[in-house]
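Each chain, written out:
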Amino acid sequence: MPEKAPEKKEVKAESQPAASQTVQEVSVTKTNKPLSRPGISSGFSINSFLNKEDKVETTEDVVVRTDHLPQNHFTDTDLQMEWKIMLKQLQVKNNFVFNAVKTFKLVKAEEHKIKVLFPSDSAKVEFDKISGEFFNHFKRKIQNHSIEVEYVRDVENLKIEVVTKRKMFEKFIEKNPLLKDLDDLMKFDLT
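Residues numbered from 1 in each chain as written. Predicted model: local features only at pLDDT ≥ 70, side-chain atom pairs only at ≥ 80, totals over all residues. Heavy atoms only, no water.

Per an unreviewed UniProt entry, the recorded name for the protein chain is DNA polymerase-3 subunit gamma/tau, and the organism is Chryseobacterium aquifrigidense.

A. Layout of the packing of helix H5 (residues 165-175) against helix H6 (residues 178-186). One can describe the packing of H5 onto H6 by two numbers: an axis separation of 7 Å at closest approach and a directional angle of 130 degrees. Classified by the angle between their axes, H5 and H6 sit oblique to one another. Note on element contacts: H6 touches H5 through Leu179, Lys180 and Asp183, opposite Arg166, Phe169, Phe172 and Ile173. For the contact of H5 with H6, the per-class residue count stands at four nonpolar, no polar and three charged. (Axes fitted to C-alpha atoms, helices over the stretch in contact; angles between N-to-C directions. Helix = DSSP H or I, 4+ residues; strand = E, 2+ residues; numbered from the N terminus. Parallel < 35°, antiparallel > 145°, perpendicular 65-115°, else oblique. Contact = heavy atoms within 4.5 Å. Nonpolar A, V, L, I, M, F, W, Y, C, P; charged D, E, K, R; others polar.)

B. Geometry of the nonpolar core. Within the largest apolar cluster, 23 residues are counted, with the highest numbers of intra-cluster contacts made by Trp83, Val101, Phe104, Leu106, Ile114, Phe127 and Ile130. Sorting the residues of this core by element identifies helix H2 (76-93), helix H3 (95-101), strand S4 (113-118) and helix H4 (121-142) as the ones contributing at least two each. Here the element with the most residues in this core is H4; it accounts for seven residues. When neighbours within four sequence positions are excluded, Trp83 is seen to be in contact with Val101, Phe104, Leu106, Phe127, Ile130 and Phe134. (Core = buried A, V, L, I, M, F, W, Y, C linked by side-chain atoms within 4.5 Å. Buried < 20%, exposed > 50% of the residue type's maximum accessible area, 1.4 Å probe, protein only.)

C. Fine view of the sheet that holds S4. Across the sheet, which stays open at both edges, the three strands sit in the order S3-S4-S5 with mixed pairing between neighbours. The outermost strands of the open sheet, each flanked by one partner alone, are strand S3 (105-110) and strand S5 (148-153). If you compare each strand with its neighbour and ignore which way they point, the axes differ by 30 degrees on average. Where S4 lies against S5, six bridges are found, and the strand directions are parallel. Looking at the pairing, Lys115 lines up with Glu150 of S5. (Pairing = 2+ DSSP bridges.)

D. Focus on the packing of aromatic side chains. According to the stated counting rule, one finds 11 aromatic pairs in the structure shown. Look at Trp83 and Phe134: their rings are 5.3 Å apart centre to centre, the planes differ by 80 degrees, and that puts the pair in the edge-to-face class. You can see Trp83 sitting in helix H2 and its partner Phe134 sitting in helix H4, a full 51 residues away along the chain. For Trp83, a relative accessible area of 3% translates into the label buried. (Phe/Tyr/Trp six-rings, centres within 6.5 Å; stacked < 30°, edge-to-face > 60°.)

E. Just the side chain of Lys108, in detail. Following the sequence through the fold, Lys108 ends up in strand S3. At a separation of 2.3 Å, a polar atom in the side chain of Lys108 contacts the main-chain carbonyl oxygen of Phe74. Setting aside residues up to four positions removed in sequence, Lys108 forms contacts with His73, Phe74, Thr75, Asp76, Leu79 and Lys113. (Polar contact = N/O pair within 3.5 Å; in protein donor to acceptor, adjacent residues only side chain to side chain.)

This is the structure in structure tokens:
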């Protein structure tokens, strides 16, 4: 089908009579073709989304060189102080995460290595939410950017034990056996 030449219409608009009259020309173009480009897609196709096949995803290990960054010395005391500050902030900001991570122990294992002892996998998931923020802050504060973090599951040492009066008294008896005789004589109420 041969294309028609676009039609042009000229419309004259007059303003109110004044000292000098102005004339405006408006040209209107009519075409049969759409103005958009039909050959270009947006990149998202509903058909491809609905019919997508399992694609093999490749992961790339990103290695960040830290040999040119500062590697200052830090002590276990520095680490414990920052961890306590983080726990205090968490207690105010997000009590749920605080309760999950308050039993974690952070220990300086080697010069550039921190060991994180955690009680359960669910607690570690909550720790992962704040670990990036904590370790980035700690690295900047002590100016040591070559710190490596090692996670170790440690259930035995991290159980929270409810200490009753009876248990405290039994520990005192281990240190001083004469307290047992005193308890037999006085019949202490340790309930």
